[in-house]
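So you can see what is in the structure, the chains are spelled out below.
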Amino acid sequence: MAFDATLLRELIPTGIVSPGNLWMYGPTTQSSTDCSAVGFFTACGLNSRTYSGGPIRISDPVMIVCATGSSVGTTVDRVQWLVAVKSTADQASTTASTGFRTNFNVTLSGS
């Protein structure tokens, strides 16, 4: 399954220049393993050309709310905390028509 920007919410903003915003993603039927895949949070990194609910900065904590079953209306099964560990340029989003500005995809880790 792919990242869904409508499920990402900023719970506690700390400002544009300081890290430490608190985020929540979910409820989702995706596992925390899915959510920690490299670049899963598409176009959510700081300085992205188009934001998909970001900007998530390195070291920002993200709470993943996982639901069991096949729909998000099911019971919340688990809440897991992950932390943004890197932001990588999305080369596919970079073209001359965008002024060579790119999107940055964020990767989370729980370890």
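> Looking at this model, I keep getting lost on unusual backbone geometry. Mind explaining?
Backbone geometry follows two general trends: most residues other than glycine have a negative phi, and most peptide bonds adopt the trans configuration. Residue Pro27 follows Gly26 across a cis peptide bond; omega there is 5 degrees. Inspection of the secondary structure assignment puts Pro27 in strand β2 (residues 22-28). Phi at Ala43 is positive, roughly 60 degrees, even though this residue is not glycine. Looking at where Ala43 falls in the secondary structure, it is placed in the loop between α1 (32-35) and β3 (61-67). Residue class for Ala43 comes out buried when judged on its relative accessible area of 3%. Positive phi, close to 85 degrees, is recorded for Ser59, a residue that is not glycine.

> Would you explain the nonpolar core in this entry?
If you look at soluble globular proteins, the nonpolar side chains tend to sit buried side by side. Judged by nonpolar contacts, the single largest core of 17 residues is most densely connected at Leu8, Tyr25, Phe41, Ile56, Val62, Ile64 and Leu108. By residue number, the principal contributor to this core is β3, which donates 3 residues. Those residues in contact with Phe41 that sit more than four places away from it in its chain are Phe3, Leu8, Tyr25, Cys35, Ile56, Val62, Ile64, Phe104, Asn105, Val106 and Leu108.

> What should I look at first to understand the packing of aromatic side chains in this one?
Each aromatic ring pair is specified by the distance between its two centres and by the angle formed by the two planes. Counted under the stated rule, the structure contains 6 aromatic pairs. The interplanar angle of 20 degrees and the centroid separation of 5.7 Å between the aromatic rings of Phe3 and Tyr25 together place this pair among those described as stacked. Of this pair, Phe3 sits in the segment before β1 (8-12) while Tyr25 sits in strand β2, and the two are 22 residues apart along the sequence. Here the two residues Phe3 and Tyr25 agree in accessibility, since each one is buried. Consider the rings of Phe3 and Phe40, whose centres lie 5.9 Å apart with planes at 85 degrees: the pair is edge-to-face. Of this pair, Phe3 sits in the segment before β1 while Phe40 sits in the loop between α1 and β3, placing them 37 residues apart in sequence. Overall, the relative accessible area of 15% leaves Phe3 in the buried class. For Phe40, a relative accessible area of 9% gives the class buried. These aromatic residues form a ring-pair network of at least three members: Phe3, Tyr25, Phe40 and Phe41.

> Looking at this structure, how should I read the side chain of Asn21?
Within the fold, Asn21 resides in the loop between β1 and β2. Only 2.6 Å separates the side chain of Asn21 from the side chain of Glu10, close enough to count as a polar contact.

> Even after reading the chapter, I still don't get the pairing of β2, so can you show me in this structure?
Consecutive residues of a regular strand have side chains that alternate between opposite faces of the sheet. The buried fraction of β2 amounts to 6 of the 7 residues, a majority that puts the element mostly inside the structure. Of the pairings in the sheet, the one linking β1 to β2 comprises 4 bridges and is antiparallel in character. For Leu8, the partnering residue across the bridge sits in β2 and is Tyr25. Here β2 pairs with β3 via 4 bridges, running parallel. Along β3, the bridge assignment pairs Trp23 with Val62.

The rules behind the values
- Residues numbered from 1 in each chain as written.
- Predicted model: local features only at pLDDT ≥ 70, side-chain atom pairs only at ≥ 80, totals over all residues.
- Heavy atoms only, no water.
- Helix = DSSP H or I, 4+ residues; strand = E, 2+ residues; numbered from the N terminus.
- Buried < 20%, exposed > 50% of the residue type's maximum accessible area, 1.4 Å probe, protein only.
- Core = buried A, V, L, I, M, F, W, Y, C linked by side-chain atoms within 4.5 Å.
- Contact = heavy atoms within 4.5 Å.
- Phe/Tyr/Trp six-rings, centres within 6.5 Å; stacked < 30°, edge-to-face > 60°.
- Polar contact = N/O pair within 3.5 Å; in protein donor to acceptor, adjacent residues only side chain to side chain.
- Pairing = 2+ DSSP bridges.

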